[in-house]
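Here are the chains, one letter per residue:
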Amino acid sequence: MYQNGAEREAGLVEQLVAPVLRARSEEARTRATEKLRELAALSAQLHGALLEARLRDLLRP
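What counts, and where the lines are drawn
- Residues numbered from 1 in each chain as written.
- Predicted model: local features only at pLDDT ≥ 70, side-chain atom pairs only at ≥ 80, totals over all residues.
- Heavy atoms only, no water.
- Helix = DSSP H or I, 4+ residues; strand = E, 2+ residues; numbered from the N terminus.
- Rg over C-alpha atoms; globule rule 2.2 N^0.38 Å.
- Buried < 20%, exposed > 50% of the residue type's maximum accessible area, 1.4 Å probe, protein only.
- Areas by Shrake-Rupley, 256 points an atom, 1.4 Å probe, with all protein chains shown as cover.
- Lys, Arg positive; Asp, Glu negative; His and termini not counted.
- Charge placed at Lys NZ, Arg CZ, Asp CG, Glu CD.
- Patch = residues over 30% accessible without salt bridge, like charges linked within 9 Å, V, L, I, M, F, W, Y side chains within 5 Å.
- Salt bridge = Lys/Arg side-chain N within 4 Å of Asp/Glu carboxyl O.
- Contact = heavy atoms within 4.5 Å.
- Expected span 1.5 Å × (residues − 1).

## Topic: the overall build of the chain
What the chain contains, in helices and strands, is two helices and zero strands. Its C-alpha radius of gyration of 16 Å places the chain more than 25% over the 10 Å reference for a compact globule of 61 residues. For the chain, the spread of C-alpha atoms along the three principal axes comes to 55 × 20 × 15 Å. Counting only residues that meet the buried cut, the chain has 10% of its 61 residues in that class. Roughly 5500 Å² of accessible area belongs to the chain as shown, and the carbon and sulfur atoms make up 58% of that amount. Here the chain contributes 10 positive and 9 negative side-chain charges, whose respective centroids are spaced 3 Å apart.

Right, here's the structure in full:
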């Protein structure tokens, strides 16, 4: 389940940075790397927030 989710998420991020990677320049690769890191961090934050919200729902009477 976690592997599948990670692969789908990586595929989405890949679609977002693919146009930059096609440029094949070092500058483009640097920009793509920065974007990948930024998107990974945002994705982790979103995942954490969604999980916390769901777990809070479970504790509600």
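## Brief notes about a nonpolar patch on the surface
A cluster of nonpolar residues, Leu-51, Leu-55, Leu-58 and Leu-59, forms a patch on the protein surface that exposes about 430 Å² of accessible area. Within the secondary structure, Leu-51 is located in helix α2 (residues 26–59).

## Here we look at the environment of Val-20
With respect to the helices, strands and loops of the structure, Val-20 is situated in helix α1 (residues 2–21). In this structure, the C-alpha to C-alpha distance between Val-20 and Lys-35, residues 15 residues apart in sequence, is 9.6 Å. Apart from residues lying up to four places away in sequence, Val-20 is in contact with Ala-28, Arg-31 and Ala-32.

## Some points on α2
Taking 1.5 Å of rise per residue, 34 residues should cover 50 Å, and α2 covers 50 Å from first to last C-alpha, within 8% of that figure. Along α2, the residues classified as buried are Ala-28, Ala-32 and Ser-43.

## Comments concerning the environment of Met-1
As for its position among the elements, Met-1 is in the segment before α1. The class for Met-1 is exposed, based on a relative accessible area of 78%. Sequence separation between Met-1 and Ala-44 is 43 residues, and the spatial gap between their C-alpha atoms is 16 Å.

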